[in-house]
Amino acid sequence: MKIRFHGVRGSIPSPGAHTVRYGGNTTCIEVRSDTNDLIILDAGTGIFPFSHKLLPEVPLTANIFISHTHWDHIQGLPFFTPVFIPGNTVNIHGPQDPITQRELSEVLSRQMEYAYFPIREAELKAKLNYISLKERQTVAIGSARITNILMNHPVINFGYKVECGPKSMFFTGDHEWPINIYKPEDDYYNEFEVHIAQQRCAIIDFIRGTDVLITDTAYTEKEYTAKKGWGHGTFRSSILLAREAMVKRCYFTHHEPTRSDEALESAFAKALAENGVGKGDPEFFLAREGEAFDW
Ligand SMILES: [Zn+2]
Ligand SMILES: [Zn+2]
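Residues numbered from 1 in each chain as written. Chains lettered and ligands numbered in written order. Predicted model: local features only at pLDDT ≥ 70, side-chain atom pairs only at ≥ 80, totals over all residues. Heavy atoms only, no water.

For the rest of this paragraph, the subject is empty space enclosed by the protein. Inspection of every chain in the model, using the stated rule, returns two cavities of 30 Å³ or more. There is about 90 Å³ of room inside the largest cavity. Around the largest cavity, the lining residues are L77, P78, V83, I92, L108, S109, Q111, M112, E121, L124, L128 and Y130. For the lining of the largest cavity, the class distribution of residues is nine nonpolar, two polar and one charged. As a volume, the second largest cavity reaches approximately 40 Å³. Lining the second largest cavity are H175, W177, T215, D216, G233, S237, S238 and L241. (1 Å grid on protein atoms, 1.4 Å probe; cavity = no way out; pocket = protein on both sides within 12 Å on 5 of 7 lines; lining within 4 Å. Points joined across faces, edges and corners; volume = space filled by probe spheres on them. Nonpolar A, V, L, I, M, F, W, Y, C, P; charged D, E, K, R; others polar.)

Now for the coordination of the zinc ion (ligand 1). Around the zinc ion (ligand 1), the protein contributes the donor atoms D72 (OD), H73 (NE2), D174 (OD) and H254 (NE2), which lie 2.1 to 2.2 Å from the metal centre. One can describe the donor arrangement at the zinc ion (ligand 1) as irregular, given that its four donor atoms subtend angles of 91 to 167 degrees at the metal. The motif formed by the donor residues of the zinc ion (ligand 1), counted along the single chain, is D-H-x100-D-x79-H. Separating the zinc ion (ligand 1) and the zinc ion (ligand 2) is a distance of 3.5 Å, and D174 donates to both of them. (Donors = N, O, S within 2.8 Å, 3.2 Å for Na, K, Ca; no water. Tetrahedral: all angles 85-135°; square planar, octahedral: opposite > 155°, others 65-115°.)

It is worth spelling out the packing of aromatic side chains at this point. Taken as a whole, this structure holds 14 aromatic pairs when the rule is applied. Ring geometry for F79 and F117: centres 5.2 Å apart, planes at 85 degrees, overall edge-to-face. With F79 in the loop between α2 (71-74) and β5 (89-95) and F117 in the loop between α3 (104-110) and β6 (127-133), this pair connects stretches of sequence that are 38 residues apart. Residue F117 is classed as buried on the basis of its relative accessible area, which comes to 7%. An angle of 40 degrees between the planes, with centres 5.6 Å apart, marks the rings of Y182 and Y188 as tilted. One aromatic cluster in this structure is built from F5, Y251, F285 and F293. Of note, K161 hangs over the ring of F206, and the distance from its end group to the ring centre comes to 4.4 Å. Residue placement shows R200 over the ring face of W177; its charged tip is 4.4 Å from the ring centre. (Phe/Tyr/Trp six-rings, centres within 6.5 Å; stacked < 30°, edge-to-face > 60°. Helix = DSSP H or I, 4+ residues; strand = E, 2+ residues; numbered from the N terminus. Buried < 20%, exposed > 50% of the residue type's maximum accessible area, 1.4 Å probe, protein only. Lys NZ or Arg CZ within 6 Å of the ring centre and 35° of its normal.)

What follows is about the sheet that holds strand β11 (residues 212-216). As summarised here, the arrangement of the seven strands in space is β7-β8-β9-β10-β11-β12-β13, forming an open sheet in which the pairing is mixed. This sheet does not close on itself; its edge strands, each paired only once, are β7 (138-141) and β13 (283-286). The mean inter-strand angle of the sheet, taken between neighbouring strand axes irrespective of direction, is 20 degrees. Two elements, strand β12 (residues 249-253) and β13, share four bridges in a ladder whose sense is parallel. Bridge pairing in β13 places F252 opposite L286. Packing of helix α4 (residues 189-207) onto the sheet brings it into contact with β8 (144-150), β9 (158-164), β10 (167-171) and β11, and relative to β8 it is tilted by some 170 degrees. (Pairing = 2+ DSSP bridges. Axes fitted to C-alpha atoms, helices over the stretch in contact; angles between N-to-C directions. Contact = heavy atoms within 4.5 Å.)

Estimates place the volume of the largest pocket at around 230 Å³. Contributing to the lining of the largest pocket are 13 residues, with T220, E221, A267, K270 and E274 lying nearest its centre. Those elements that provide at least two residues to the lining of the largest pocket are α5 (221-224), α6 (235-245) and α7 (261-274). Top element by residues in the lining of the largest pocket is α7. It accounts for six residues. Here the second largest pocket is characterised by a volume of approximately 180 Å³.

We now examine the pairing of β8. Within β8, five of the seven residues are buried, which leaves the element mostly enclosed by the surrounding structure. For β7 and β8, the ladder comprises four bridges, and the chain directions are antiparallel. Following the sheet pairing, T138 is matched in β8 by T147. Here β7 hands over to β8 after two residues, with G142 in that stretch at a positive phi of 55 degrees. Two elements, β8 and β9, share six bridges in a ladder whose sense is antiparallel. By the bridge assignment for β9, R145 is matched with E163.

Once that is clear, we can look at the nonpolar core. Counting 26 residues, the largest nonpolar core has I39, L41, F65, M169 and I214 as its most contacted members. In terms of residue count, the dominant contributor to this core is β9 (four residues). In contact with I39, other than residues within four places in its own chain, are I29, E30, V31, N63, F65, I141, A144, I146 and V162. (Core = buried A, V, L, I, M, F, W, Y, C linked by side-chain atoms within 4.5 Å.)

Below is the structure:
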């Protein structure tokens, strides 16, 4: 299994001198199975430069898995060059919203309406297939198996586990651990605590034993106090998740858009020190645009 980051920034693209080292494009991760099947996790702006690197492989089949439909995870899709080339097949998987019942195809095609984009979806030359996924549904792509789980975010958001033989990785998409909406003196407080604990256990059980974890790590603990309920994780929540799930490696991603390379490295070092990361812990890394590794 090969993994390469093409976009590691959260919320909004952040190009500029301050993000040169870690990159300014929003979420996009390339995963290659052992038989070189092309799996793409999220279609943030990082998918645009990535699509140019794919041109030597044309005609190709791209299997895109969307965690959720917030802009920073889908905005690059209309610029994914293979969709303009006949002979290519682009399979786009993602969750169907259980509340609105809106299909993935409807949500994604809206960003190609004339008000937002000059080319209509019907004019695209590749074969496009939309696949709405149910929770915990497994999809086989060549030698890989991709299974989702519902995470916690202000819109339906799937985390994806990719397994290929004995190797595996998990990507959270955007995720904040649920917080109790009641006060300790309220009747429902204890009941809700139990519910939260069960949700946490279910997610950690699902991830447990995965080799590589790529997780939303938008905020420091200090920043989080003003951003509760925005749907993102912290350095500390990511460290605790990686430990509890007993992964081998953990990559922090969805970097806060205003954070410079220097500030990112310093927040990372501080979090590892404050949480006593050391011997016996998973290896922790900051995800960096362009970085690839074999697993
Ligand atoms: Zn996001
Ligand atoms: Zn989001």
